[in-house]
Amino acid sequence: MTTIQDVPRPVRPAAAARPVAPTLPRHLLSAGDLSRAGAELILDTAERIDQAIAGREVRKLPTLRGRTVVNLFFEDSTRTRISFELAAKRLSADVINFSAKGSSVSKGESLKDTAWTLQAMGADAVVCRHSASGAPQQLSAWVDGHVVNAGDGTHEHPTQALLDAFTLRRHLGALDGRRIVVVGDVLHSRVARSNVLLLSTLGARVTLVAPPTLVPVGVDAWPADVSYDLDAALTGADAVMMLRVQRERMSGSFFPTAREYSRGYGLDERRRALLLPHSIVMHPGPMNRGMEITPGVADGANSVIVEQVANGVTVRMAVLYLLLSGEMNGGM
Amino acid sequence: MAVGTGSGWDRPGRLVALPVDHPLRTVQRGGKGGLLEVPARPAQASQSGAVPAVEATAGGVIPSSVRPISDPDAPQILTEILGAAQIGRVIDRIAHQILERNGELPVVLLGIPTRGVHLARRLGERLTAFTDRPTPVGSLDITLYRDDLRRRPPRALEETRIPAGGVDDAIVVLVDDVLYSGRTIRAALDALRDQGRPAVVQLAVLVDRGHRQLPIRADYVGKNIPTAFGDDVAVRLIEIDGTDSVELARAVPTRDTITGPTGERTP
């Protein structure tokens, strides 16, 4: 007799047909956690996603349907929050925006209680920005979902580094041996930290240029060169990344006047001419026009600042896709 | 139709040797035990008798005593189904069928990565040669539209390249190497819908190995290969594998090859 047990049933294979070899960490907390293969996987995936939705009327993919992404922003942000929100929505995930203002945090709720609330609501991914360095790391111990660091204090901002690397790769090709100059407030910049870690992982040579007062202690342990002379560093560089002078994090006086900073470390037309013809000018935004960068350069021919914002959405889509797919298989 | 070793197990109407004391056994004194058509039944039953059970297969007779118990490295019987010359002829035939069906109307070929893309390109070359007008060929990655993304480790995405004319109001022929569960094509139809609104969508595959899980059917089939769940159809193309061939790896039948884990889609 043919019983129900005997009827051939299609069963999912134990081994995936095409698994992705490089493994990513469960949470994206630091650009330093990414191996070269892992970082390249994210960038390649972003490239493919861009290709898949280029020129389409409906720029939406069904990939993360039914998943919940919480944007947990304890610090002000325009482009990062909107970028993450757009990325999650383009992948059809449900997005909940949570900002410290107007929430129970202003009533004194702790990060841990907030994390437990999110946990109880079943967030698949938590995108966290916090003014305290290491807050996303703490959060990752309290929630089951994947935590993505969207900037923590003066520590790291890994997705910004990924989108910068993506932009650089589009214009320069492979980053091996490319010389990238990062200029400005390195001391307070999480963008600089993440970029130094990621770009050196990808084979680029990074030169940090800043006034001595804005160079952090222990910078000699970073995989980067340090210079105080912007003109010398810019000569022959493949790309220059200007950092914002973070007035809100400056308690003391790190330089005498804005004008003096601008003379020494601002990017103007004369300095841009020192770059190679193919070199690009980047800025993570928001810009202090006239301080670290002149409007002429910011809107000039080699500037990719607007493109960086567009690439941010694609790169964050890649990060969310790679973190959130394959969960039932035991995560990544 | 060649019924393989894996598929005959629980099917009615196959030949088995019955145990000596079986009620259906024909009385045949002094003989070795007659073969008789009986309804299907659990495989173990045939092993319980005193007479060694044998399995009638297309490839020969395998005594039940040597059947391996569920083993990932279970021995496989490899058979080449199509060689390089035959693949070339199959592609020529499908190209002619596409022309026959669509007449003078231009078609857009979209290959599903990875091997479907190369098949689409070859089909496009044949169509261009037969009609003297260029055939647009592109590729359509379906990874982001799969229904098993949560169950599997993340996959690397492949290239999506829609030909310049787009797919709106066009006759689109999707091209893939192996048609199996139909889930890939389901995903491809979803992906295609997001690219535009084709007038007609048709499907061309090099191999149809059966076992559909969705109501999907190919319009152009290179070769129908009846398979069991434990079998594996390997399509190799020069562009990727250095050789053109379609091989069928028949799993030596065990209970697991009928109900156990199998490949959903050949890599």
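Parameters at a glance
- Residues numbered from 1 in each chain as written.
- Chains lettered and ligands numbered in written order.
- Predicted model: local features only at pLDDT ≥ 70, side-chain atom pairs only at ≥ 80, totals over all residues.
- Helix = DSSP H or I, 4+ residues; strand = E, 2+ residues; numbered from the N terminus.
- Buried ≥ 20, exposed ≤ 12 C-beta atoms within 10 Å, placed from the backbone.
- Core = buried A, V, L, I, M, F, W, Y, C linked by C-beta atoms within 7 Å.
- Contact = placed C-beta atoms within 7 Å.
- Pairing = 2+ DSSP bridges.
- Axes fitted to C-alpha atoms, helices over the stretch in contact; angles between N-to-C directions.
- Domains from an automatic or database assignment.
- Nonpolar A, V, L, I, M, F, W, Y, C, P; charged D, E, K, R; others polar.
- Parallel < 35°, antiparallel > 145°, perpendicular 65-115°, else oblique.
- Left-handed = near helix turned anticlockwise from the far one by under 90°.
- pLDDT = per-residue confidence, 0-100.

(A) Summary view of the overall build of chain B. When its secondary structure is counted, chain B shows five helices and 12 strands. Counting across all 267 residues of chain B, residues that qualify as buried make up 37%.

(B) Just the nonpolar core, in detail. Residues and elements named next belong to chain A. Counting 144 residues, the largest nonpolar core has Val-126, Val-183, Val-240 and Leu-320 as the members making the most contacts within it. Per element, the largest residue contribution to this core is 11 residues, and it comes from helix 11 (residues 305-324). Setting aside anything within four residues of it in sequence, one finds Val-126 in contact with Val-70, Leu-72, Leu-118, Leu-139, Val-143, Gly-145 and Val-147.

(C) Molecular detail of the pairing of strand 11 (residues 232-236) of chain B. All names here are of chain B. Here strand 11 shows a clear split, with Val-233 and Val-235 buried on one side and none of Asp-232, Ala-234 and Arg-236 buried on the other. Of the strand pairs in this sheet, strand 11 and strand 12 (residues 245-251) are connected by five bridges, and their pairing is antiparallel. Looking at the pairing, Arg-236 lines up with Ser-245 of strand 12.

(D) Representation of the sheet that holds strand 6 (residues 107-111) of chain B within the structure. All names here are of chain B. Overall, parallel pairing links the five strands, which are arranged 7-6-8-9-10 in an open sheet. Two strands close off the open sheet at either side, each with one partner strand: strand 7 (137-139) and strand 10 (220-224). Across the sheet, the mean angle separating the axes of adjacent strands is 25° when strand polarity is ignored. As judged from the four bridges shared by strand 9 (residues 200-208) and strand 10, these two strands associate in the parallel manner. When the bridges of strand 10 are listed, Ala-204 appears paired with Tyr-220.

(E) Representation of unusual backbone geometry in the model. Following Gly285(A), the chain continues to Pro286(A) via a peptide bond in cis, the omega torsion being -10°. With respect to the element layout, Pro286(A) can be found in the loop between strand 9 (280-282) and helix 10 (295-298). Put simply, Pro113(B) and Thr114(B) share a cis peptide bond, and its omega is -5°. A positive phi is found at Asp169(B), a non-glycine position, where the angle reads about 60°. For Asp169(B), the position within the fold is in the loop between strand 7 and strand 8 (171-179).

(F) Quick look at the environment of Val246(B). With respect to the helices and strands, Val246(B) occurs in strand 12. Not counting residues up to four positions away in its chain, the partners in contact with Val246(B) are Ile81(B), Leu82(B), Ile87(B), Leu206(B), Val207(B), Lys223(B), Val233(B) and Val235(B).

(G) Expanded view of the domain arrangement of chain A. All names here are of chain A. Looking at chain A, the domain boundaries give domain 1 (31-156 + 311-323) and domain 2 (158-310). Relative to domain 2, the C-alpha centre of domain 1 lies at a distance of 25 Å. In this assembly, 23 residues from domain 1 lie in contact with 23 residues from domain 2. Taken together, the residues of the side of domain 1 that touches domain 2 sort by class into 11 nonpolar, seven polar and five charged.

(H) Geometry of the packing of helix 1 (residues 84-102) of chain B against helix 2 (residues 115-131) of chain B. All names here are of chain B. Taken N-terminus to C-terminus, the directions of helix 1 and helix 2 make an angle of 60°; their axes are 9 Å apart at the nearest point. If you check the angle between helix 1 and helix 2, you find them oblique. Note on packing geometry: the crossing formed by helix 1 with helix 2 is right-handed. Of the residues in helix 2, those in contact with Ile-91, Asp-92, Ile-94, Ala-95, Ile-98 and Leu-99 of helix 1 are Arg-122, Leu-123, Arg-126, Leu-127, Phe-130 and Thr-131. Looking at the contact of helix 1 with helix 2 residue by residue, the classes come out as eight nonpolar, one polar and three charged.

(I) Broad picture of the environment of Thr114(B). Residue and element names in this part refer to chain B. Mapped onto the secondary structure, Thr-114 falls in the loop between strand 6 and helix 2. The sequence separation of Thr-114 and Asp-141 amounts to 27 residues, and the corresponding C-alpha distance is 8.6 Å. Once you skip the residues sitting within four places of it in the chain, Thr-114 turns out to touch Glu-158 and Ile-240.

(J) Focus on the confidence of the model for chain A. Per-residue pLDDT for chain A has a mean of 88; in total, 92% of the residues score no lower than 70. In this model residues 1-20 of chain A is a low-confidence stretch, pLDDT under 50, and it forms 39 contacts with partners more than four residues away in sequence or in other chains.

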